[in-house]
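Spelled out from the first residue to the last, the chains are:
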Amino acid sequence: MNRFFYRYRVALSCSFFLAFSLLLATVNIRAPYRIDPVGVLLLEAMYPLQLAASVVEQAAGRFWHRYIALWALRQENEELRLRLEALQKSAQQATELDFANQRLGQLLALREELGGNAVAARIVGRSSVAWIKTVVLNKGTNHGLTKGMAVIVPEGVLGQVVSVSAHTARVLLVSDLNSAVDILVQRTRVRGIATGLADGGCTLKYIERKEDIQIGDTLITSGLDGIFPKGQLLGTVIRVGAQGGHLFQEVEVKLSADLTKVEEVLVVAPRTLQAAE
Amino acid sequence: MLLGLASILLQTTLAHHLPMVPDFLLILCVYLGIYHRSVGGAASAFFLGYGLDACSGAPVGINAFAMSLVFATVSATARQLWLQNPASVLCMVFLGVVLKTTAVLLLSDLGQLDLILRATVARYVVWDATVAMLLTPMVFTLLYRGEPFDYKV
């Protein structure tokens, strides 16, 4: 008998514990509020350990939130900073697009005013020599540009095309020393020739001393040079002087268009000039 | 015993912050079933389940029965098959999780599950078993290193 128990001790003990636990489970499930005395004792014995574990857990939680989580915050902060930079870039691009839209809208209005045959172009290069005032456009003969065409912007005249290739055109600005534009004083209809001063301004030539010209007078193109359309704004008179025995007055002009800040232009074809006139 | 207490504490107190509570007690039970096929092993498995019942608030006896059942199954299998290799151990852990969950569900009067709940339970069992299988090599290594030298030989 003893040998039987010894031989099957594991199976018997397993059966016993299975039966006993099944009995316990059955009793406790049928009476859920029954208090298990052994369980209570075990729970009481475990209580200090559970309390200690709970303290450790809370300390670990605090440590996590105060220190470890800071790494997550740092990463989040970095991500947010990158997003902010991207948004700032987008906002800047949107602002730039808005400005470009305004400029192009003005160009479009001017083009319609000129009869719709003008070619819009963008300035892609500027002269690096201080006394040579030229710019390069991104349109050329392939787009209908030819030498001698006028280049204007909504603020006024800019210059004329002096050389042209298939995809680019070089424009001599009105502020260049070699530039000459036939103009009218808008108030008195006095004619003159505006030539560049290479410093961003112009001067008027051949204005006789007897002619009535005052500071603040507006100058417009006369259209008689066959290049610029008539009535386009050139600038305003900022200084008038007559030195010694010269026949002509010295008149200094401030150009209406800021040539250093222009980005888009209209290139006006001769046919358009005639139509506009 | 200390390991059992530590596992109970770990499972009932600390491991709740993890996305999935690993069943250290079940791994311990499988270890007992493979390496300690004795009356002490059976008693340890029972008390592991009993302690878990007492500390976790479950009706006393449910986990005790489940653990005893797992121990009995593993020890009976280990008598017939060579289970002291990694693949067999992982299989036994997987089967142990399935067996334990089934026993707990049956005893908790949750045997009549509808289809949706069955799918949820099945998913839960698979996840639980996977986590337990992943932890098994580490726990087994620690337990085996803690054994007396003559036992290992």
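Residues numbered from 1 in each chain as written. Chains lettered and ligands numbered in written order. Predicted model: local features only at pLDDT ≥ 70, side-chain atom pairs only at ≥ 80, totals over all residues.

A.B. asks: Mind laying out the overall build of chain B, listing which residues take part and the relevant values?
C.D. replies: Scanning chain B for helices and strands turns up 7 helices and 0 strands. Along its sequence from the N terminus, chain B presents helices and strands in the succession α-α-α-α-α-α-α. Considering chain B as a whole, with its 153 residues, one finds that 41% of them fall into the buried category. When contacts within chain B are restricted to residue pairs at least 6 apart in sequence, those whose partners lie at least 24 apart make up 66%. (Helix = DSSP H or I, 4+ residues; strand = E, 2+ residues; numbered from the N terminus. Buried ≥ 20, exposed ≤ 12 C-beta atoms within 10 Å, placed from the backbone. Contact = placed C-beta atoms within 7 Å.)

A.B. asks: Break down the overall build of chain A for me, with residues and values.
C.D. replies: When helices and strands are tallied, chain A shows 4 helices and 12 strands. Relative to its full complement of 277 residues, chain A shows a buried share of 27%. Considering only intrachain contacts with a sequence separation of at least 6, the fraction spanning at least 24 residues in chain A is 55%.

A.B. asks: Describe the sheet that holds strand E9 (residues 218-221) of chain A, with residues and values.
C.D. replies: Residues and elements named next belong to chain A. Here 6 strands make up a closed barrel; going around it, the order is E6-E7-E8-E11-E10-E9 and the pairing antiparallel. If you compare each strand with its neighbour and ignore which way they point, the axes differ by 40° on average. Two elements, strand E6 (residues 180-185) and strand E7 (residues 191-196), share 5 bridges in a ladder whose sense is antiparallel. Within E7, the residue paired with Val181 across the bridge is Ala194. (Pairing = 2+ DSSP bridges. Axes fitted to C-alpha atoms, helices over the stretch in contact; angles between N-to-C directions.)

A.B. asks: How would you sum up the sheet that holds strand E1 (residues 119-126) of chain A? Please name residues and give values.
C.D. replies: Residue and element names in this part refer to chain A. Pairing within the closed barrel is antiparallel, and its 6 strands lie in the order E1-E2-E5-E4-E3-E12. Between one strand and the next, the sheet's axes are offset by a mean angle of 45°, whatever the strand orientation. One ladder, built from 4 bridges, connects strand E2 (residues 134-137) with strand E5 (residues 169-173); its direction is antiparallel. Opposite Val135, over in E5, you have Val171 as the bridge partner.

A.B. asks: Before we move on, could you go through the packing of helix H3 (residues 39-56) of chain B against helix H4 (residues 62-80) of chain B and cite the residues and values that matter?
C.D. replies: Residues and elements named next belong to chain B. Axis separation between H3 and H4 bottoms out at 7 Å; the angle between their running directions is 150°. It follows from the interaxial angle that H3 and H4 lie roughly antiparallel. Crossing of H3 against H4: the hand is right-handed. In this structure, H3 contributes Gly41, Ala42, Ala45, Phe46, Leu48, Gly49, Tyr50, Leu52 and Asp53 to the contact, and H4 contributes Ile62, Asn63, Ala64, Phe65, Ala66, Met67, Ser68, Phe71 and Ser75. Among the residues making up the contact of H3 with H4, the classes are represented as 12 nonpolar, 5 polar and 1 charged. (Parallel < 35°, antiparallel > 145°, perpendicular 65-115°, else oblique. Left-handed = near helix turned anticlockwise from the far one by under 90°. Nonpolar A, V, L, I, M, F, W, Y, C, P; charged D, E, K, R; others polar.)

A.B. asks: Explain H3 of chain B to me, and be specific about the residues and the numbers.
C.D. replies: Given a rise of 1.5 Å per residue, 18 residues ought to cover 26 Å, and the 25 Å separating the end C-alpha atoms of H3 of chain B matches this to within 8%. Within H3 of chain B, 14 of the 18 residues are buried, leaving the element largely enclosed by the surrounding structure. (Expected span 1.5 Å × (residues − 1).)

A.B. asks: Go over the interface of chain A and chain B, please, and point to the residues and values.
C.D. replies: Each partner contributes to the interface: chain A provides 23 residues, whereas chain B provides 28 residues. Each residue belonging to the side of chain A that touches chain B can be placed in one class, and the counts come to 14 nonpolar, 6 polar and 3 charged.

A.B. asks: Can you lay out the pairing of strand E4 (residues 156-164) of chain A for me, pointing to particular residues and giving the numbers?
C.D. replies: Residue and element names in this part refer to chain A. Most of E4 is tucked away, with 7 of its 9 residues classed as buried. In this sheet, E4 lies alongside strand E3 (residues 150-153) in antiparallel orientation, the contact comprising 4 bridges. Among the inter-strand pairings, Val151 is bridged to a residue of E4, identified as Gly159. As paired strands, E4 and E5 are joined by 5 bridges and run antiparallel to one another. Within the sheet, the bridge partner assigned to Val164 lies in E5 and is Ala169. Here E4 folds back onto E5 in antiparallel fashion, the turn holding 4 residues.

A.B. asks: Quick rundown of the pairing of E1 of chain A? Include the residues and the values.
C.D. replies: Residues and elements named next belong to chain A. The pairing of E1 with strand E12 (residues 264-268) spans 4 bridges and is classified as antiparallel. Note on E12: the bridge partner recorded for Ala120 is Leu266. Across 3 bridges, the pairing between E1 and E2 is antiparallel. What sits directly across from Ile123, in E2, is Leu137.

A.B. asks: Provide a residue-level description of unusual backbone geometry, including the pertinent values.
C.D. replies: Residue and element names in this part refer to chain A. Although it is not a glycine, Arg189 sits at a positive phi angle of roughly 60°. Within the secondary structure, Arg189 sits in the loop between E6 and E7. In this structure, Tyr206 is a non-glycine residue whose phi angle is positive, near 65°. Relative to the elements of secondary structure, Tyr206 occurs in the loop between strand E8 (202-205) and E9.

A.B. asks: Can you break down the environment of Leu137 of chain A residue by residue, with the values?
C.D. replies: When you line up the elements, Leu137 of chain A lands in strand E2. Considering only alpha carbons, one finds Leu137 of chain A and Val164 of chain A, 27 residues apart in sequence, at a separation of 9.2 Å.

A.B. asks: So what's going on with the packing of helix H2 (residues 24-35) of chain B against H4 of chain B? Residues and values would help.
C.D. replies: The relative placement of two packed helices is expressed as an angle between their axes plus a distance between the axes. Residues and elements named next belong to chain B. In the contact formed by H2 and H4, the axes pass within 8 Å of each other and the chain directions differ by 35°. When you trace H2 past H4, the crossing you get is right-handed. Contact residues: Leu25, Leu26, Cys29, Val30, Leu32, Gly33 and Ile34 in H2; Met67, Val70, Phe71, Val74, Ser75 and Ala78 in H4. Taken together, the residues of the contact of H2 with H4 break down into 11 nonpolar, 2 polar and no charged.

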